[in-house]
Every structure is written in structure tokens, then in C-alpha cells.
Amino acid sequence: LLLRDWVYRLLAPFEPLAGDTLVTASILLAVMILPTLTTLADDALRGVPAAQRQAGRALGLTRSETLFRLVLPQARSGLMAALLIALGRASGETIAIYLVIGRLDGNLASPFAPLVQPGQTLTTKLGGPELFLAAGDPVHWSALMGLGALLLMATTATTLVGRSLAKRGAANA
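Residues numbered from 1 in each chain as written. Predicted model: local features only at pLDDT ≥ 70, side-chain atom pairs only at ≥ 80, totals over all residues. Heavy atoms only, no water.

Participant: Any details on the nonpolar core? Residues and values, ideally.
Facilitator: What tends to happen in soluble globular proteins is that the nonpolar side chains get buried as a cluster. Membership of the largest hydrophobic core is limited to 8 residues, which are Ala25, Leu29, Ile33, Ala86, Ala90, Ile97, Val100 and Ile101. Elements that contribute at least two residues to this core include exactly α2 (22-46), α4 (63-91) and α5 (94-101). (Core = buried A, V, L, I, M, F, W, Y, C linked by side-chain atoms within 4.5 Å. Buried < 20%, exposed > 50% of the residue type's maximum accessible area, 1.4 Å probe, protein only. Helix = DSSP H or I, 4+ residues; strand = E, 2+ residues; numbered from the N terminus.)

This is the structure in C-alpha cells:
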């Protein structure tokens, strides 16, 4: 409720109907995945041996050069894994988004309308009661199955990107 009120006051120039907007849901997801992302990124960065950092400093590299030339390249696969895991967590947060933005579909009257009006995501649409209501309507059922196929394709694409990054990281190691 606090976040909804804050976003409502922030978006007042765009005249939102309420604070239940996709911006509110985006901020909530960012806060929810931040601990996962930072913990895994910290683990990846701490996985680089201190001896290599000290060797870089002994060779005359500054702290920033050590970070960008030694630490980040070695921790890149772990950082990408942290990002993919956080992205997977964000895409699976159906109930949090459902509770924040509700079930209303917004009208696309202006370019900013999707951001300042209530809306739905793929997961909230598939997690709602439409699955039960669409059982007798083949058109509605087909639309929901299409949304499910879109979500499956997005998940598959994310998995393939993760695999290619893992292979590239193993080849560089």
C-alpha cells in the first residue's frame, strides 16, 4: 500500500486512476529480486582468488584496472548466472504482481498508458480464473494456450542464452 501511494503521487502528472500500475509492479519486482541478484553476484566476485587480485596490484594495475581486467572477466559467468536466476525469479512472481496490479486490463489511449494504468502480465493472466472460465469457449481457450506457448518460448530462450553463456565461459576458462 505504501508503494502504491508513492507511485500514485510520482505519476500524478500522467493522471493515473490509482497506484495499481505496471510501474508499481516493476518496482516491487526489482526490490524482490535484488537480494537474490546481489547475493549471487557477491558470491561470483568473491570466487575470484585474492592471490590474483594481489598479483594484478603487484604488477602495477590500479584498483579499477584490477577490477575491470582481472576480476570481472573471471566472474562473468557467475554474474550472468546471477542475472538469469534473478530474471527467472521475476518471471515467476505471479501472486505478487497479481496482488499489486490486480486483474484490470488498461486501455492503450496514450504511449504511457501501459505504465500508468492497471494491466496484466503473462503469468497473472495464466494464473487467474480464466483457465476455468475458458473451458467451454474454444477461442478463449486457444488464446490462453497461445499465452502459455509465449511464456514457454520466453523460458526456452532464457535457458538457451544461459547455456550458450555457460559454454562460452567454459571455453574461455
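Participant: Before we move on, could you go through the packing of α2 against α4 and cite the residues and values that matter?
Facilitator: Between α2 and α4, whose axes approach to 8 Å, the crossing angle comes to 155 degrees. Considered as vectors, α2 and α4 are oriented roughly antiparallel to each other. The way α2 lies across α4 gives a crossing that is right-handed. Contacts between α2 and α4 involve Leu29, Met32, Ile33, Thr36, Leu37, Leu40, Ala41, Ala44 and Leu45 from the first element and Val71, Leu72, Ala75, Gly78, Leu79, Ala82, Leu83, Ile85, Ala86, Arg89 and Ala90 from the second. (Axes fitted to C-alpha atoms, helices over the stretch in contact; angles between N-to-C directions. Parallel < 35°, antiparallel > 145°, perpendicular 65-115°, else oblique. Left-handed = near helix turned anticlockwise from the far one by under 90°. Contact = heavy atoms within 4.5 Å.)

Participant: Residue-level account of the environment of Glu93, with values.
Facilitator: Here Glu93 shows up in the loop between α4 and α5. Between the C-alpha atoms of Glu93 and Leu29, which are 64 residues apart in sequence, the distance is 7.8 Å. Dropping the residues within four chain positions of it, Glu93 is found in contact with Leu29 and Met32.

Participant: Describe a nonpolar patch on the surface, listing the residues and the values that go with them.
Facilitator: Residues Ile95, Tyr98 and Leu99 make up a contiguous nonpolar surface patch of roughly 310 Å² in combined accessible area. Mapped onto the fold, Leu99 is located in helix α5. Judged by its relative accessible area of 57%, Leu99 is exposed. (Patch = residues over 30% accessible without salt bridge, like charges linked within 9 Å, V, L, I, M, F, W, Y side chains within 5 Å. Areas by Shrake-Rupley, 256 points an atom, 1.4 Å probe, with all protein chains shown as cover. Salt bridge = Lys/Arg side-chain N within 4 Å of Asp/Glu carboxyl O.)

Participant: Give me the lowdown on the pattern of salt bridges, citing residues and values where you can.
Facilitator: Considering all chains together, one arrives at 2 salt bridges under this definition. The shortest N-O distance in the salt bridge between Asp5 and Arg9 comes to 2.7 Å. Placement of both Asp5 and Arg9 in helix α1 (residues 2-10) is noted, with a separation of 4 residues, approximately one turn of the helix. The exposure class assigned to Arg9 is exposed, which follows from its relative accessible area of 53%. With a closest N to O distance of 3.0 Å, Asp42 and Arg46 form a salt bridge. Highlighted residues: Asp42 and Arg46, both in helix α2, separated by 4 residues, approximately one helical turn. For Arg46, a relative accessible area of 64% corresponds to the exposed category.

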